[in-house]
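Here is what each chain is made of, one letter per residue.
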Amino acid sequence: MDPAPATPRWNLDRPYLTGRFHQEAKVAAAAQGAGSKPYSLDSFSRGGGAESVIGSYAVSVQELLVIDDLLSALVGIEGRYISIKRVRGKEGYVVFQIDSSMDLALQELTRRIFPLCEDFVLVYHFVESRSHFKSGLVNHALAAALRAFLLDYQAMVAQLEHQFRLGRLSVQGLWFFCQRMMSSLNALAVLVEKAISNNTSGSATLNLLQSQAKAMAGDSAVRSLLEKMTECASAAYLRMLERWVYEGVIDDPYGEFFIAENKSLQKESLTQDYDAKYWQQRYSLKDGIPSFLTNVAATILTTGKYLNVMRECEYTVQVPLSESSKLMGFGSNHQYLECIKSAYDFASGELLTLMKDKYDLIGKLRSLKRYLLLDQGDFLVHFMDIAREELTKKPEEISVEKLQSLVDIALRSTAAASDPSHEDLTCCVERSSLLKKLSTLKDLDCAYPSDKLVAAGVDHPMPLSVTGLETFCLSYKVQWPLSLVISRKALTKYQLIFRLLFHCKHGFRSVKILGTPVLRSSILCRSMLKFVNSLLHYLTFEVLEPNWHLMHDRLQTARSIDEVIQIHDFFLQKCLKECLLLLPELLVKIEKLKAVCLQYATSIQLLIPSIDVAKPENTSKSRMPRSKIKETKNRGQQLKLASENVVMSESILKFEAEFNSELQSLIPTLSNSSQAEPYLTHLGQCILGVGVDQ
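Residues numbered from 1 in each chain as written. Predicted model: local features only at pLDDT ≥ 70, side-chain atom pairs only at ≥ 80, totals over all residues. Heavy atoms only, no water.

*Asks:* Give a detailed account of the overall build of the protein, specifying residues and quantitative values.
*Replies:* Along its length, the protein carries 26 helices and 6 strands. Expressed as a percentage of contacts within the protein between residues at least 6 apart in sequence, the contacts between residues at least 24 apart total 73%. Within the structure as shown, the protein displays about 34300 Å² of accessible surface, and the carbon and sulfur contribution to it stands at 53%. (Helix = DSSP H or I, 4+ residues; strand = E, 2+ residues; numbered from the N terminus. Contact = heavy atoms within 4.5 Å. Areas by Shrake-Rupley, 256 points an atom, 1.4 Å probe, with all protein chains shown as cover.)

*Asks:* Report on the state of the cysteines, specifying residues and quantitative values.
*Replies:* Two cysteines, two sulfur atoms, one covalent bond between them: this is a disulfide. Under the criterion given, the structure shown has 0 disulfides. With no disulfide of its own, Cys427 has Cys428 as its nearest cysteine by sulfur position, at a separation of 6.9 Å. On the basis of relative accessibility, which here comes to 8%, the residue Cys427 falls in the buried class. No disulfide involves Cys597; its sulfur sits 9.1 Å from that of Cys525, the nearest cysteine. The exposure class assigned to Cys597 is buried, which follows from its relative accessible area of 0%. (Disulfide = S-S within 2.5 Å. Buried < 20%, exposed > 50% of the residue type's maximum accessible area, 1.4 Å probe, protein only.)

*Asks:* Give me the lowdown on the side chain of Gln212, citing residues and values where you can.
*Replies:* With respect to the element layout, Gln212 can be found in helix α7 (residues 203–215). With a relative accessible area of 8%, Gln212 lands in the buried category. At 2.9 Å, the side chain of Gln212 and the side chain of Lys194 are in polar contact. (Polar contact = N/O pair within 3.5 Å; in protein donor to acceptor, adjacent residues only side chain to side chain.)

*Asks:* Quick one: what's the story with the environment of Lys394, residue by residue and with numbers?
*Replies:* In this fold, Lys394 is placed in the loop between α13 (377–391) and α14 (400–413). The exposure class of Lys394 is partly exposed, given its relative accessible area of 39%. Lys394 sits 72 residues away from Val466 along the chain, and the two C-alpha atoms are 6.6 Å apart.

*Asks:* Please provide a residue-by-residue account of the nonpolar core, values included.
*Replies:* In this structure, Phe379, Phe383, Phe472 and Leu581 are the most contacted members of the largest nonpolar core, which totals 117 residues. The leading source of residues in this core is helix α20 (residues 519–556), at 15 residues. With sequence-adjacent residues up to four places away left out, Phe472 is seen in contact with Phe383, Leu391, Leu403, Val407, Cys427, Cys428, Phe498, Arg499 and Phe502. With 86 residues, the next largest nonpolar core counts Val66, Val94, Leu209 and Ala213 among its residues. (Core = buried A, V, L, I, M, F, W, Y, C linked by side-chain atoms within 4.5 Å.)

*Asks:* Go over unusual backbone geometry with me, naming the residues and quoting the values.
*Replies:* In this structure, the amide linkage connecting Trp480 to the following residue, Pro481, adopts the cis form with an omega of 5°. Mapped onto the elements, Pro481 comes out in the loop between β6 (472–476) and α18 (488–506). Its identity as a non-glycine residue notwithstanding, Asn199 has a phi of 50°, on the positive side. Relative to the elements of secondary structure, Asn199 occurs in the loop between α6 (171–198) and α7. Classification of Asn199 by relative accessible area gives exposed; the value is 57%. Phi at Leu580 takes a positive value of approximately 75°, unusual for a residue other than glycine.

The values are spatial; any link to function lies outside them.
In structure tokens, the structure reads:
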């Protein structure tokens, strides 16, 4: 917000241009040196010196003199026998005093009129002081309305002065004619007194006007006056509100509007920062919300945000205006509420249509499901065939560029090539294991205890045994405005699910390949595969598919982007939880079982080298059936020797005992958790099936 322009210095240095000259003259006189003749208002008096006290005149003359002074006092000017004294510590306050020698009856009548004079000075002070730029548009508008009222008041004083010059006005008559203005000006004085003491501006001034109008419910004339002041003051606020809900523009030069813009937050952060607050904090509500807009403040904020998104997309849109849709005022008929609702409905519908039609929101979500939730099987199978060697390396040895080229080859070679969004798919290699990654995300509504993480071997950023199969991950390029829905945070949640699925589905291919005819090893291999397949079946068909279809159906009936974001976030959070990613105790045990399976596969590969995939020279040259027969015979002999090998048998028994022990410890944990989380019942039944086979 640009600083308000400064008030011209001459407006402060030349008090005779304002209504405060009677006070400034006294200050100037007091500040003069002792050697000079002090400046005094008495030099402008129409009478003599101090010896000409009003009490020395007849009562009839006193009345004429006091009426003359009262007419000046009514517009804030000192007279010969009525003086003005500033009240220290109270801005704008003055006290009128009268010569004590005046007739007591005249004094009483005169003092009855003084409150009107004091109220005028206070209101006029507010008009002058709140007309400065820094006071804001609402105070400017209120000051203008008060100035118009004071013009009527001054016209009344001029008429009274005319009657006085004609000899038709007495003090009693003056008191009578002032009655009409007494209550009105006093109500305005009370209003500006509170405004000055609280230094109100913007919505605070509007709230004060409304509360004062309600407090005057018993006086219809005064209430009507205050409501008129409210209407005048709110006109400037209405213009700000109209520009926001009809154009999405904050036109607020003095910081009065209840919506703030944080220009430091850029839309690009949505795709870069996990904790990006662009959508929540680029435009936000301030504390000072007008009381009559409190219930619709969120709707007003959202309306302008939607219009801003469309403007960022270079999509020109403006809410269609008609006579019925114009914000005429904040009256009791609540017409402004209908206008705001209509503007919201229009902006919400236009943005949702833009996101669905032009930017294909549903198609992008379907594409994310196809790749990151492993709904596109042939693409990953082909990718694993050509990337197996690279993915078995340690993460720091993997070439991401090479993996990306292999991903592109797999995409072009399978049915994924027909997907218009396949070019947005990228890959990356994470620098931490899945459990470690989960422990760093503090907003997932789960807590991974440090002792369990240490026990699971994730106390270091990257265990030595981790390979690309565990750290490989797909990513997705998301453009504005789809990044509102598919933000970095949402994409990270997709990636967590992908890593769990990918490791289960493709990290255990070696277990399938290394399944051997050795009896004990074969049984253990089948048990491990059944465990992994049961887990995959649960994740895919019990969690992801049902929740996806539920989200898809809800998106069809969504009426705003905020509702779309809410539905999508709920889907991801539910999937994370039901995929065990938000249940540390269970996930640590699952990861431990997976680690045992992988260690088994590695050990068998070392102990039975004959099970390895045939060497290239054998597969390329050994084409004759006789060669195959000989190869099979040699393998059978090696398997027979392996089955009789003591080290081999002991190793298998060790893995079998460890696998069964971990599996048995998982079963009661699942059973206990399923009471609080019913969806775990299905997984428990699958795991129990594995246990029964044992």
